[in-house]
Amino acid sequence: QLQLVESGGGLVQPGGSLRLSCAGSGSTLRNYAIGWFRQAPGKEREWVSYISDGGRTNYADSVKGRFTISRDNAKNTVFLQMNSLKSGDTGDYFCAATASAFFSTRFVRGDMDYWGKGTLVTVSS
């Protein structure tokens, strides 16, 4: 049973950077497509980015050019580097995994096999 634990959230000023980590245990992440979702206060959860088991990446338009997702299979960890942060990036960030071959559709729908519990990112001056 795969377990996911996020870390790296915190308070940052607008324009700043944070790097989130998603550490896997119980199974190897290399077999999964891994992605990040976020949920702002009072809003629905939205997909942010994913990386396939083969290393293909995709991003929501709202973060394209500012966020970078990567994976370190040796550390069984996926990272989300977030630069040029804006107040609109504030929210709980969750990593999630799926072994489905149709992962792109699953990410858009938020239909994932495993979820972490989240880490809070607050962008404020």
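Above this text is the structure in question.
Rules of the game
Residues numbered from 1 in each chain as written. Predicted model: local features only at pLDDT ≥ 70, side-chain atom pairs only at ≥ 80, totals over all residues. Heavy atoms only, no water. Pairing = 2+ DSSP bridges. Helix = DSSP H or I, 4+ residues; strand = E, 2+ residues; numbered from the N terminus. Axes fitted to C-alpha atoms, helices over the stretch in contact; angles between N-to-C directions. Phe/Tyr/Trp six-rings, centres within 6.5 Å; stacked < 30°, edge-to-face > 60°. Buried < 20%, exposed > 50% of the residue type's maximum accessible area, 1.4 Å probe, protein only. Lys NZ or Arg CZ within 6 Å of the ring centre and 35° of its normal. Disulfide = S-S within 2.5 Å. Core = buried A, V, L, I, M, F, W, Y, C linked by side-chain atoms within 4.5 Å. Contact = heavy atoms within 4.5 Å.

Asks: If you had to explain the sheet that holds strand β8 (residues 77-82) to someone new, which residues and values would you point to?
Replies: Overall, antiparallel pairing links the 4 strands, which are arranged β1-β3-β8-β7 in an open sheet. Either end of the sheet is taken by a strand with one partner, and the two such strands are β1 (3-7) and β7 (67-72). Here the average twist between neighbouring strands, direction ignored, is 15°. In the sheet, β7 pairs with β8 via 6 bridges, with the strands oriented antiparallel. Bridged to S70 within β8 is F79.

Asks: How would you summarise the packing of aromatic side chains if you had to cite specific residues and measurements?
Replies: Counted under the stated rule, the structure contains 6 aromatic pairs. When the ring of F37 is compared with that of F107, the centres are 6.0 Å apart and the planes differ by 25°; the resulting orientation is stacked. Taken together, the positions of F37 in strand β4 (residues 33-39) and F107 in helix α1 (residues 103-109) put the pair 70 residues apart, joining distant regions of the chain. Note on Y50 and F107: the rings are 4.8 Å apart at their centroids and 15° apart in plane angle, and the pair reads as stacked. In this pair, Y50 is assigned in strand β5 (residues 46-51) and F107 in helix α1, connecting sequence segments 57 residues apart. Side by side, Y50 and F107 carry an identical accessibility label, which is buried. Ring pairing ties together the aromatic residues F37, W47, Y50, F103, F107 and W115, which thus form one cluster. Note that R19 overlies the ring of F79, its terminal NZ or CZ placed 4.1 Å from the centroid. One cation-aromatic arrangement involves R45 over F37; the distance from NZ or CZ to the ring centre is 5.6 Å.

Asks: A description of the state of the cysteines should follow, citing residues and the corresponding values.
Replies: The full count for this structure, using the stated rule, is 1 disulfide. Between the sulfur atoms of C22 and its disulfide partner C95 the distance amounts to 2.1 Å. Its S-S torsion of about 65° marks the bond between C22 and C95 as right-handed, since a negative value means left-handed. Residue C22 is located in strand β3 (residues 18-25), and its partner C95 is located in strand β9 (residues 91-98); the two are separated by 73 residues in the primary sequence. Judged by its relative accessible area of 0%, C22 is buried. A relative accessible area of 0% means that C95 is categorised as buried.

Asks: Now, about the nonpolar core: what can you tell me, with residues and values included?
Replies: Residues W36, L80, M82 and Y93 are the most contacted members of the largest nonpolar core, which totals 35 residues. Looking at this core, the elements that each hand over two or more residues are β3, β4, β5, β7, β8, β9, α1 and β11 (119-123). Once residues within four sequence positions are removed from consideration, M82 is found in contact with G16, S17, L18, L20, R66, F67, Y93 and V121.

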